[in-house]
Amino acid sequence: MAEQFYDDLAGVYHFIFTSTLPSHRHNTITFQLWEWHRESNIYDLKHFTMLQKEGEWAVSERVSQYRAYKRCALGELAINAGFQRVKWLFPEETGFYQPMAFAYK
């Protein structure tokens, strides 16, 4: 299981630029906006794709709602679900960009 660094991000408005790449001879730009709900660990992730075709830009938007768990809360959820020995590995240990949780059942 991998999780974002929500311990440090909760409550902060985010803009994340994800990529610019040529796609089938058209320029494509994608980015995200994170809009946190007040006093909550819930946020709306808005994913935008901009596609340039024949000199014009078209924009599409997809919206998903997420709940951000801090590591301690996610560990408690795993234990309550019957898992044991929850262990966290961090990017400097694994080379993966997010922390990963391991547990046994």
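Thresholds, definitions, all that
Residues numbered from 1 in each chain as written. Predicted model: local features only at pLDDT ≥ 70, side-chain atom pairs only at ≥ 80, totals over all residues. Heavy atoms only, no water. Helix = DSSP H or I, 4+ residues; strand = E, 2+ residues; numbered from the N terminus. Buried < 20%, exposed > 50% of the residue type's maximum accessible area, 1.4 Å probe, protein only. Contact = heavy atoms within 4.5 Å. Areas by Shrake-Rupley, 256 points an atom, 1.4 Å probe, with all protein chains shown as cover. Arc of directions from axis to C-beta. Salt bridge = Lys/Arg side-chain N within 4 Å of Asp/Glu carboxyl O. Core = buried A, V, L, I, M, F, W, Y, C linked by side-chain atoms within 4.5 Å. Phe/Tyr/Trp six-rings, centres within 6.5 Å; stacked < 30°, edge-to-face > 60°. Lys NZ or Arg CZ within 6 Å of the ring centre and 35° of its normal.

Student: Account for the overall build of the chain, naming residues and giving values.
Tutor: Check the secondary structure of the chain and you find 3 helices and 6 strands. For the chain, the N- to C-terminal ordering of α and β elements is α-β-β-β-β-α-β-α-β. With 105 residues in all, the chain has 27% of them scored as buried. When contacts within the chain are restricted to residue pairs at least 6 apart in sequence, long-range pairs at least 24 apart make up 29% of them. A total of about 7,600 Å² of accessible surface is found on the chain, and carbon and sulfur atoms cover 53% of it.

Student: Before we move on, could you go through helix H2 (residues 71-80) and cite the residues and values that matter?
Tutor: Turning to H2, its buried residues are Leu74, Gly75 and Ala78. The buried side chains of H2 occupy one side of the element, clustering within an arc of 100° when seen end-on. Facing away from the buried side of H2 by more than 90 degrees, the exposed set consists of Cys72, Glu76, Ile79 and Asn80. Buried residues in H2 make contact with strand E5 (84-89). One or two steps after H2, the chain reaches Gly82, where phi turns positive at roughly 100°.

Student: Describe the pattern of salt bridges, naming the residues involved and giving the relevant values.
Tutor: Pairs may arise between side chains of opposite charge once their charged atoms sit close together. Applying the stated criterion across every chain, the model contains 1 salt bridge. Measuring nitrogen to oxygen at the nearest pair gives 3.3 Å for the salt bridge that ties Glu35 to Lys46. One end of the pair, Glu35, is in strand E2 (residues 26-36); the other, Lys46, is in strand E3 (residues 42-53), with 11 residues separating them in the sequence.

Student: Mind laying out the nonpolar core, listing which residues take part and the relevant values?
Tutor: Ranked by size, the top nonpolar core spans 5 residues in total: Trp34, Trp36, Tyr43, Leu45 and Ala68. When residues of this core are traced back to their parent elements, those giving at least two are E2 and E3.

Student: Can you break down the packing of aromatic side chains residue by residue, with the values?
Tutor: The description of an aromatic ring pair uses the distance of the two centres, along with the angle that the planes make with each other. Tallied over the entire structure, the rule returns 5 aromatic pairs. Ring geometry for Tyr43 against Tyr66: centres 5.6 Å apart, planes inclined by 20°, an arrangement best described as stacked. You can see Tyr43 sitting in strand E3 and its partner Tyr66 sitting in strand E4 (residues 56-67), a full 23 residues away along the chain. For Tyr66, a relative accessible area of 38% corresponds to the partly exposed category. Seen in terms of ring centroids, Phe96 and Tyr97 are 4.9 Å apart; in terms of plane orientation they differ by 50°. Their pairing is tilted. For Tyr97, a relative accessible area of 56% puts it in the exposed group. Members of the aromatic cluster, joined through ring pairs, are Trp34, Trp36, Tyr43 and Tyr66. The residue whose ring lies beneath Arg85 is Tyr104, and the NZ or CZ to ring-centre distance is 4.3 Å. The ring of Phe83 has Lys105 sitting right over it, with the charged end atom 5.2 Å from the ring centre.

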